[in-house]
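Analysis of the macromolecular model
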Amino acid sequence: MFKKIPKKHYWISLLCFLIPAGFCLSIYLKFKADLPKRLSDQIQLTGSLAAQDFKRTVRNNVQAIHNLAERIEETDGEFYSYWKQDAQRLLIQNESLTFVELISEEGIIKDIYPRIKNGPAIGLDITKLDYRYSDWKTKSELGLTNITNWLQLSQGGNSFLIDVPIYFEDTFDGTVTGGMNFNSEFDRLSYYLEDFAIKIEDETGTPFYNYNNFDSAQTDSEYIFDTALVMDSDIQESWHFQLTFANPNIFRDSLKVANLALGVGLLLSFCIGLLQFFNSNLRIATHEALETNKKLQLVNTELEQQTEKAKLASTAKSEFLSNMSHEIRTPLNAIVGITDLMGSGNDNFKEEHYLELLKKSSKTLLDLINDILRLDKIESGFVEIAHIEFSPACVLESLVSFHNQIIERKGLDLSLSVNSLKNKTVLGDRAKFEQIITNILSNAIKFTTSGSIFVMYEEKEVNEQIHLKISIRDTGIGIPKEKINQIFDRFIQLDTGTRKKHSGGGLGLFIAQHLAQLLNGNIEVTSEEGKGSEFIINLKFDCLQVPTKQKEEILNQDLPELSILAVDDNKLNVVILSQLLKKIGLHADIAYNGSEAVEKAQAKNYDLIFMDIHMPDIDGFEATRLIKRTNKNTIVMGLSADTTLNSINEGISSGMSNYLTKPIDKNKLIAVIEDYFGSTSRNVV
């Protein structure tokens, strides 16, 4: 006979079923109730990010036309002689750009590139086109950029026309107009949005882009992201952008998984009850297993939260880098090049001190951008540390002098105290030292609206090392106590009620702290909200007792006469490189494309060739291979703004001896030439 099972075991087993079943049911009901909001939030977030990407793509292409117009204006029309070469380069660099044309102030299309397929448009009088001329004339006379509706072109096909006006001394001289079709670039952006459908209409409601059959997608307005794409204040037109789920039954299909999970949960609950009924002797073990399971659920929830935070941080970082790279890196090339030309002895530039500050600041800013673009290297400790000679006290004085004009303009008092009797010369990374000082000093200026900024410099020699202590104290807004431990985190900006006024990327202090640690130092901070802050920078450098000669002096003494060829399809870059070489006593022949470079290298045996990478016709890699077949002893150095690892590796494999990045300054150029052609190099067998 079986022993009668006590009733309490029935009740315990029933409770073991009901409790997890109720838990699963409550999660299911909550999920079902929250699902509409989750889907709506998902569509809003995805739509917002996608709209920004689409908008950025359009603005980048429009900016290319702006750049061409600006070059024409800056040269008072002389650049008209080169506009076709520039237009050719823009067509290569901007996939959406299909043609570029010049329209006179009378509304006549003077020229167009490329002429193939677009030739019929030359000479077209747009004053006879009511849908075209009115906006073109009105916007151009106001100095505004005009984007037309989605138009059918006289030479065939459809396109948007972007008109950028050209003015010489406030006199309208026509427009640079680009024809653009964004479908290919938009398709590439939409590649990662395969679960969504997108439709974009122009200002008149004409659809010109449709992805994943938008009209057959989700129609519930709650799951449709709808916004107007306004390019910027200069471009008043806007497009109608809509994004939704490609699956019209997204809500029902999402619930299928939840229904399955609920069924599995109820089944498991029932099994738990049975196990409890038949295995009452294992209640303790079962209880421990359930407790462990709960802990795992909590850990999993925490991991999901951390993952979400990491994704948000990554998104913020990517957007920041994209904007900074486009807005800052592009003009830096011209800035550094022009300052080197200014320093070539031109009598028109008398303020040599300020020109030198401009040059140093430009190069320091470029180093900062390069480090920002390689944050992963900063965090992992793989940033290269340079070892050059410099005087920290002199560098600090130059940086403070450079910022003095900004400080005076804000009505602030500036005090500088330098405790350095001998202005010691050290061996270390000057660029990173300048970045640290610039980041801290810029923050002090930005967050101080009244009062003063005090900079104190102290140095002392200990065991053939220079120990530096630099204090930067301000009377600005200060830092709240609860935020002071977070200020060195990346992308962190303090919420003190002045967020909109004091904008920024949130990377300055993060980079400064990491650079200080790379230089075996640290940054300390004390602050009181509303009264100001003090940042103390502690660094150590190796002391250099006897500074060495300037490399330029050594180079001018030891360098033999060299036969040099400079290859670049950008005339400004060729001029800059030629002038830099002239300053160190060298002359260079010039080639404006890969084919011309190969021809000249076959006709003349060059010692050194500076080779651009991205050129029409034959690129720098192919040109190098062709040259090295017949000129094995010629040194070919890549010189490009493309700093990707793939390009560098391809350059070396094609036969390049070295790969330099633009902009290149005089000191770097001297060092590279000395490595290959200096007296020490010539003596090496």
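**Considering the packing of helix α9 (residues 392-409) against helix α10 (residues 430-446)**
Between α9 and α10, the shortest axis-to-axis distance is 10 Å and the interhelical angle comes to 30 degrees. In this structure, the crossing between α9 and α10 has a hand that is right-handed. Only R430, F433, E434, I437, T438, L441, S442 and I445 of α10 make contact with α9, whose side of the interface consists of P392, V395, L396, L399, V400, H403, I406 and I407. Looking at the contact of α9 with α10 residue by residue, the class counts come to eleven nonpolar, three polar and two charged.

**Let's talk about the packing of helix α1 (residues 7-74) against helix α4 (residues 183-190)**
Between two packed helices, what matters for the description is the angle formed by their axes and the separation of those axes. As a packed pair, α1 and α4 sit with axes 10 Å apart at the nearest point and diverge in direction by 150 degrees. Note that α1 runs across α4; the crossing there is right-handed. Contacts from D53, F54, T57, V58 and N61 in α1 reach E185, F186, L189 and S190 in α4. Class assignment for the residues of the contact of α1 with α4 results in four nonpolar, three polar and two charged.

**A look at a negative patch on the surface**
Taken together, D76, E78, E169 and D170 make up a surface patch of like negative charges. By secondary structure assignment, the location of E169 is in the loop between β5 (158-168) and β6 (171-180).

**Concerning a nonpolar patch on the surface**
On the surface, a cluster of nonpolar side chains totalling about 330 Å² of accessible area is made up of W11, L14 and L18. Its place among the elements puts L14 in helix α1.

**Some points on the environment of S391**
Looking at where S391 falls in the secondary structure, it is placed in the loop between β11 (388-390) and α9. Its relative accessible area of 12% is what places S391 among the buried residues. Each C-alpha atom of the pair S391 and L544 lies 9.7 Å from the other, and the pair is 153 residues apart in sequence.

**Brief notes about the nonpolar core**
With 51 residues, the main nonpolar core has V176, I198, I200, W239, F241 and L243 as its most contacted residues. When residues in this core are grouped by element, the largest group, 14 residues, is from α1. Not counting residues within four places of it along the chain, the set of residues in contact with V176 comprises I65, L68, A69, I72, V100, E101, L102, I162, D163, V164 and I166. Formed by 39 residues, the second largest nonpolar core is a distinct cluster that contains F433, I436, I466 and F541.

**Overview of the side chain of Q218**
Tracing the chain through its elements places Q218 in the loop between β8 (207-211) and β9 (224-232). On the basis of relative accessible area, Q218 is assigned to the buried category, the value being 10%. Of the polar contacts made by the side chain of Q218, one reaches the backbone oxygen of P248; its length is 2.8 Å. Among residues more than four places away in sequence, those in contact with Q218 are Y223, I224, T244, F245, N247, P248, N249 and I250.

**Concerning the sheet that holds strand β18 (residues 564-567)**
With respect to topology, five strands assemble into an open sheet ordered β19-β18-β20-β21-β22, the strand pairing being parallel. Only two strands of the sheet have a single partner each, and these edge strands are β19 (588-591) and β22 (658-661). The sheet shows a mean angle of 20 degrees between the axes of neighbouring strands, taken without regard to direction. As defined by bridge partners, strand β20 (residues 608-611) adjoins strand β21 (residues 635-640) across four bridges and the pair is classed as parallel. For F610, the partnering residue across the bridge sits in β21 and is M637.

**Some remarks on the pattern of salt bridges**
A full pass over the atoms with the stated rule returns 21 salt bridges. Salt-bridge contacts for E434 lead to R430; the nearest nitrogen and oxygen are separated by 2.9 Å. Of this pair, E434 and R430 are both found in helix α10, four residues apart, which corresponds to roughly one turn of the helix. Given the relative accessible area of 7%, E434 is considered buried. In this structure, the salt-bridge partner of E596 is K600, at a minimum N-O distance of 3.6 Å. With a gap of four residues between them, E596 and K600 both fall in helix α14 (residues 594-603), about one helical turn apart. Given the relative accessible area of 23%, E596 is considered partly exposed. Owing to a relative accessible area of 28%, K600 belongs among the partly exposed residues under this scheme.

Here is what the cut-offs are and how they apply
- Residues numbered from 1 in each chain as written.
- Predicted model: local features only at pLDDT ≥ 70, side-chain atom pairs only at ≥ 80, totals over all residues.
- Heavy atoms only, no water.
- Axes fitted to C-alpha atoms, helices over the stretch in contact; angles between N-to-C directions.
- Helix = DSSP H or I, 4+ residues; strand = E, 2+ residues; numbered from the N terminus.
- Left-handed = near helix turned anticlockwise from the far one by under 90°.
- Contact = heavy atoms within 4.5 Å.
- Nonpolar A, V, L, I, M, F, W, Y, C, P; charged D, E, K, R; others polar.
- Patch = residues over 30% accessible without salt bridge, like charges linked within 9 Å, V, L, I, M, F, W, Y side chains within 5 Å.
- Areas by Shrake-Rupley, 256 points an atom, 1.4 Å probe, with all protein chains shown as cover.
- Salt bridge = Lys/Arg side-chain N within 4 Å of Asp/Glu carboxyl O.
- Lys, Arg positive; Asp, Glu negative; His and termini not counted.
- Charge placed at Lys NZ, Arg CZ, Asp CG, Glu CD.
- Buried < 20%, exposed > 50% of the residue type's maximum accessible area, 1.4 Å probe, protein only.
- Core = buried A, V, L, I, M, F, W, Y, C linked by side-chain atoms within 4.5 Å.
- Polar contact = N/O pair within 3.5 Å; in protein donor to acceptor, adjacent residues only side chain to side chain.
- Pairing = 2+ DSSP bridges.

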